[in-house]
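Listed below, chain by chain, are the residues.
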Amino acid sequence: MTREEQLRGEFNRWAQAGRGEEMERHHLPIVLPMLELMDLQSDDNVLDIGCGSGWLSRLIAERVREGRLVGIDVSDEMVRRARKKCVEHGQVMFVLGSVDEIPWDNSFFTKAISVESAYYWPQPAQGVREIFRVLREGGSAWVLINYYRDNPHCHQWGEILSVPAHLLSAEEWAAMFREAGFVEVAHRRIADPTPTPEVYAGRWFRDAEQLRAFRAEGALLVHGTKPVGVHPQIHFPRIL
Ligand SMILES: C[S@@+](CC[C@H](N)C(=O)[O-])C[C@H]1O[C@@H](n2cnc3c(N)ncnc32)[C@H](O)[C@@H]1O
């Protein structure tokens, strides 16, 4: 089984269990501050990578009235659910595909966003290069993740997840952005202000205290801009 098939199987199961919709509640508190930083314009063309059930794409579509919104996901069940909920948004489209090979032309999007997906990508550096390719010059990429090395309160997830996940540091992510060609690369934390219950009985954290510490450390946001004026080498034939 390829890594892509493995991811598809796992996230199809998540979708069938209703977790696609559930993630909106979990991720919204860290996503809203990121949307403010992104400075979305009404004519932006936005790519949402690992869009899941599509809630974020729909939310962005409300702010990007004249642009296009494309959500891609490796799970066909997530894409099917996202499409079902989106009939009212004419400018939104959901596509099955992996970040390794984004099914889109070069230089189309002005913004690319990805929430809680990048550590699953089989080859994160290839994913970041693909995002660079489909962005227009001056466009920006925004990757938000809760599983990263600098937050010690998430390391246990690696043992719980049924698919491999990359535990990389903020600096390693930023280096990948720079190597792909991005400039103005930066990273920051976004703390989750959700109140923590007194008792935690789930399996992702040891106890409520660890969940509180995890939220206080915050999610990692890495972003960068595709520079203007970088053109692929074009060789014109000599006219004789
Ligand atoms: C934890 S969910 C997050 C979904 C959504 N962004 C949200 O916040 O609700 C991760 C998503 O990333 C998708 N994903 C994982 N690997 C991917 C890849 N290589 N290419 C595209 N999508 C991928 C999964 O199918 C899943 O829908």
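The residue count restarts for each chain, going from 1 along the sequence in the order it is written. The predicted nature of this model means local features are confined to residues of pLDDT at least 70 and side-chain atom pairs, given and counted, to a pLDDT of 80 or more, with totals for whole chains, interfaces and linings taken over all residues. The side-chain values count all of the structure's non-hydrogen atoms but skip hydrogen atoms and water molecules.

Some words on the sheet that holds strand 1 (residues 46-49)
The mixed open sheet is built from 7 strands, whose spatial order is 3-2-1-4-5-7-6. Each edge of the open sheet carries a strand with a single partner, namely strand 3 (92-96) and strand 6 (183-190). For this sheet, the mean angle separating the axes of adjacent strands, direction not counted, is 15 degrees. At least two bridges found by DSSP between two strands is the condition for calling them paired. Runs of H or I in DSSP of at least four residues are treated as helices and runs of E of at least two as strands, each being numbered from the N terminus. Judged from the 6 bridges that link them, strand 6 and strand 7 (residues 219-225) form a sheet pairing that is antiparallel. Pairing of Ala186 across the sheet is with His223, part of strand 7. A contact between two residues is defined here by any heavy atoms of the two lying within 4.5 Å. A fitted line through C-alpha atoms represents every axis, and for helices the fit uses only the stretch in contact; the resulting angles, taken between N-to-C directions, go from 0 to 180 degrees. Seen against the sheet, helix 4 (residues 76-84) touches strand 2 (69-73) and strand 3 and runs at an angle of roughly 165 degrees to strand 3.

Points about the nonpolar core
Nonpolar cores are built from buried Ala, Val, Leu, Ile, Met, Phe, Trp, Tyr and Cys residues. Side-chain atoms within 4.5 Å join them into one set. Buried, partly exposed and exposed residues are distinguished by accessible area as a fraction of the type maximum, computed with a 1.4 Å probe on protein chains only: under 20%, between the cut-offs, and over 50%, respectively. By size, the foremost hydrophobic cluster in this structure holds 50 residues, and its most contacted members are Leu47, Ile131, Trp157 and Phe182. Per-element tally for this core: the top contributor is helix 7 (residues 170-180), with 6 residues. Among residues more than four places away in sequence, those in contact with Phe182 are Val128, Ile131, Phe132, Leu135, Ala141, Phe177, Gly224, Thr225 and Lys226. Judged by nonpolar contacts, the second largest core, of 26 residues, contains Ile30, Leu56, Phe94 and Leu221.

A word on the environment of Met93
Considering the arrangement of structural elements, one finds Met93 in strand 3. Separated by 17 residues in sequence, Met93 and Thr110 have C-alpha atoms that sit 16 Å apart. Once residues lying within four places of it in the same chain are set aside, the contact partners of Met93 are Arg68, Leu69, Val70, Gly71 and Trp104.

With respect to the pattern of salt bridges
In what follows, salt bridge is the name for a side-chain nitrogen of Lys or Arg lying within 4 Å of a carboxyl oxygen of Asp or Glu. Scanning the entire structure with this criterion turns up 12 salt bridges. Residue Arg178 pairs with Glu171 through a salt bridge whose shortest N-O separation is 3.8 Å. Given the relative accessible area of 45%, Glu171 is considered partly exposed. Connected via shared salt-bridge partners are Glu77, Arg80 and Arg81.

Nothing here speaks to function; it is all geometry.
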